[in-house]
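# Summary of structural features
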Amino acid sequence: MSTPALRRGLRTLGTLLITLSAISPASSVFIIAPGVISGAGTGAFYSFVAAAVVGVFMAFVYAELASAFPLAGGEYAIVTRTLGRLPGFAVLGLMIITQVLIVAVIALGVGTYLGVLLPGVAGPVIAAVTCVVAAVVGVFDIKLNAWVTGIFLAIEILALIVVSALGLLNPARPFSDLLTHPVASDGGPATVGAIAIATSVAIFAYNGYGSAVYFGEETQDASRGIARAILFALGITVLAELIPVTAVLVGAPDLNALFASENMLSYFIGSLGGGTLDTVLGLAVALAIINAVLAIVLISSRMLFSSGRDSAWPSPVNRALSAVHPRFGTPWVATVGTGLVAALLCFVDPKLLLVVTSTSIVAVYAALCLGAIIGRRTGATAHAKYRMPWFPVAPVLALAVLVFVVYQNLLDPAVGRPSLIVTACVVLLSIAYYLVVLRRKGGWKLADVTEEKAEERA
């Protein structure tokens, strides 16, 4: 029986468009950036710059590993081939929980910005419908989805350009104030500690550039193209988020009012551009969130498809998840399943969703950094077409930052500690499943995708 394979119909640009849509810079600026500003005040500029440096380290790690293993399984497939099957399955457990929950978390933001048009509809209902529609669209040809996400992404970037212009063309304070006299949200000077803590949040505002690897089996010349897509995605994301954030910090008419505002971006846009512009840009953000839901459904379905192809579950489940649509060449069962599960999760308490997802990515990042180091030592990644510069600087420094992030989470009893506990529980359950189920069946038999790699090189 032949190994199920996806249709290789994307060029690097299409992969880049879907990846940027999953990152959703507008969503980060409107939803995540206010949290960074609350923590660091105008020192948020330094937080986003520091996070960009960390992003460069992780992008180097992702690019080399994805160049060596451009597989639909993404992080778990990479970790399995560099650190071993048991760590790889633990990462699979984390990613399955995280990815599907993230779809629901992001979808819940749609109702916030579509409330103007649908005032009588509950937010979770709007979110659930968004997930189902995204799943239906996701079944269609991957090239069509690249075009759809690209159009939505253009609207998103345009909204960020408008936000940037509002602040940079009408500055209320010089840019040098951000550099020499950063102020905290309480009016005092922004401390190095506060800026460092806020950096851990800013890191996740940039997160998602590594998602390009999930389309490795659908991208032409993937061993080179995926690495380029990852690096370009990070660069574009940093510019698309850092510039608008800087514009808000230098252009806000009253910093105290900005810090005290329940919706910082709404205050900023309304003060400089008026209520109508605020409403229009709010709708643009809603489109950005919908676009992100579609992109992450595409990503999550590829991971589930790969797990079924790798025989991670009971045979009937494996057959269903690895089913490929005969016309569109997409993992249609995995795609529909992702959307339906995410739709149901939209009715769960959002705080619970955040607790479950907020630190699992730290464990995955750490595994990738170790995979990059071990892969070089064992030769597992020797065939990669992209090799990171200054090795092992990137993975070592990224690991140091991740240790700091874990430390900060330990200090947070509300979300950080519970999230670490949940992450540890998911890892332990994944290990237990591997030892009790997969090992007793004779081990985890990964699908042979050598033939697909040969087609890529041809």
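Structure: above.
The paragraphs below set out a description of the structure included in this document. Note that the structure is a prediction, hence the values are computed from the model and not measured. (Residues numbered from 1 in each chain as written. Predicted model: local features only at pLDDT ≥ 70, side-chain atom pairs only at ≥ 80, totals over all residues. Heavy atoms only, no water.)

### Concerning the pattern of salt bridges
- Taken as a whole, this structure holds 6 salt bridges when the rule is applied.
- The closest approach of N and O atoms between Asp141 and Arg7, which form a salt bridge, is 3.7 Å. Of this pair, Asp141 sits in the loop between helix H6 (123–139) and helix H7 (142–168) while Arg7 is found in the segment before helix H1 (12–23), placing the two residues 134 residues apart along the sequence.
- Asp221 is paired through a salt bridge with Arg224; the nearest N and O atoms lie 3.5 Å apart.
- Take Asp221: its relative accessible area is 29%, and that puts it in the partly exposed class.
- One network of salt bridges, in which partners are shared, links Glu64, Arg376 and Arg387. (Salt bridge = Lys/Arg side-chain N within 4 Å of Asp/Glu carboxyl O. Helix = DSSP H or I, 4+ residues; strand = E, 2+ residues; numbered from the N terminus. Buried < 20%, exposed > 50% of the residue type's maximum accessible area, 1.4 Å probe, protein only.)

### Here's the deal with the side chain of Glu241
- Mapped onto the fold, Glu241 is located in helix H10 (residues 222–251).
- Buried charge without a partner: Glu241 forms no salt bridge, and the closest opposite charge is Arg173, 20 Å away.
- At 3.4 Å, the side chain of Glu241 and the side chain of Ser28 are in polar contact.
- Ignoring anything within four residues of it in the chain, the contact list for Glu241 reads Ile23, Pro25, Ser28, Val29, Phe48, Ala205 and Tyr206. (Lys, Arg positive; Asp, Glu negative; His and termini not counted. Polar contact = N/O pair within 3.5 Å; in protein donor to acceptor, adjacent residues only side chain to side chain. Contact = heavy atoms within 4.5 Å.)

### Quick word on helix H13 (residues 275–309)
- Helix length check: H13 (35 residues) gives 51 Å between terminal C-alpha atoms against 51 Å at 1.5 Å per residue, within 8%.
- Most of H13 is tucked away, with 26 of its 35 residues classed as buried. (Expected span 1.5 Å × (residues − 1).)

### Overview of the packing of helix H5 (residues 85–114) against helix H17 (residues 360–378)
- Interaxial distance between H5 and H17 falls to 10 Å at its minimum, and their mutual angle equals 145°. Considering the relative orientation of H5 and H17, their crossing is left-handed. Residues Val91, Leu94, Met95 and Thr98 of H5 form the contact with H17, whose participating residues are Ser360, Ala363, Val364 and Ala367.
- Looking at side-chain class alone, the contact of H5 with H17 contains 6 nonpolar, 2 polar and no charged residues. (Axes fitted to C-alpha atoms, helices over the stretch in contact; angles between N-to-C directions. Left-handed = near helix turned anticlockwise from the far one by under 90°. Nonpolar A, V, L, I, M, F, W, Y, C, P; charged D, E, K, R; others polar.)

### Some thoughts on the side chain of Glu64
- Relative to the helices and strands, Glu64 is located in helix H3 (residues 44–68).
- Filtering out sequence-adjacent residues up to four positions away, Glu64 remains in contact with Arg376, Thr381, Ala384, Tyr386, Arg387 and Met388.

### Description of the nonpolar core
- Within the largest apolar cluster, 143 residues are counted, with the highest numbers of intra-cluster contacts made by Phe30, Phe48, Val61, Leu92, Tyr209 and Trp444.
- Residues contacting Tyr209, with those up to four places away along its chain left out, are Thr19, Ile23, Gly55, Met58, Ala59, Tyr62, Ile230, Ala233, Leu234 and Tyr365. (Core = buried A, V, L, I, M, F, W, Y, C linked by side-chain atoms within 4.5 Å.)

### Considering the environment of Ile374
- Tracing the backbone shows Ile374 in helix H17.
- Given the relative accessible area of 29%, Ile374 is considered partly exposed.
- Separated by 260 residues in sequence, Ile374 and Leu114 place their C-alpha atoms 47 Å apart.
- Here Ile374 is in contact with Thr82 and Leu83, once residues within four sequence places are set aside.

### Quick word on the packing of aromatic side chains
- For the structure shown, the criterion picks out 13 aromatic pairs.
- Measuring from ring centre to ring centre gives 5.8 Å for Phe48 and Tyr206, while their planes differ by 80°; the resulting arrangement is edge-to-face. Of the two residues, Phe48 is situated in helix H3 and Tyr206 in helix H9 (residues 192–206); the sequence distance between them amounts to 158 residues. By the burial criterion, Phe48 is buried, and Tyr206 matches it.
- Chaining the aromatic ring pairs together yields one cluster made of Tyr76, Phe89, Trp313, Tyr433, Tyr434 and Trp444.
- Sitting over the face of the ring of Phe391, Arg376 holds its NZ or CZ atom 4.2 Å from the ring centroid. (Phe/Tyr/Trp six-rings, centres within 6.5 Å; stacked < 30°, edge-to-face > 60°. Lys NZ or Arg CZ within 6 Å of the ring centre and 35° of its normal.)

### Description of the layout of surface pockets
- Considered as a void within the structure, the second largest pocket measures approximately 370 Å³ in volume.
- Contributing to the lining of the second largest pocket are 17 residues, with Gly308, Arg309, Ser311, Asn318 and Ser322 lying nearest its centre.
- Counting residues per element, the ones that place at least two in the lining of the second largest pocket are H13 and helix H14 (315–321).
- With 3 residues, H14 is the single largest residue contributor to the lining of the second largest pocket.
- Residues that form the lining of the second largest pocket fall into these classes: 5 nonpolar, 8 polar and 4 charged. (1 Å grid on protein atoms, 1.4 Å probe; cavity = no way out; pocket = protein on both sides within 12 Å on 5 of 7 lines; lining within 4 Å. Points joined across faces, edges and corners; volume = space filled by probe spheres on them.)

### Structural notes on a nonpolar patch on the surface
- On the surface, a nonpolar cluster with roughly 600 Å² of combined accessible area is contributed by Leu117, Leu118, Val121, Val125, Val129, Val133 and Phe347.
- By secondary structure assignment, the location of Val121 is in the loop between H5 and H6.
- When its relative accessible area of 37% is taken as the criterion, Val121 is described as partly exposed. (Patch = residues over 30% accessible without salt bridge, like charges linked within 9 Å, V, L, I, M, F, W, Y side chains within 5 Å. Areas by Shrake-Rupley, 256 points an atom, 1.4 Å probe, with all protein chains shown as cover.)

### Section: the environment of Ala233
- In this structure, Ala233 sits in helix H10.
- Relative accessible area serves as the criterion here: at 0%, Ala233 is assigned to the buried category.
- Sequence separation between Ala233 and Gly73 is 160 residues, and the spatial gap between their C-alpha atoms is 19 Å.
- Not counting chain neighbours up to four residues away, the residues in contact with Ala233 comprise Leu16, Thr19, Leu20, Ile23 and Tyr209.

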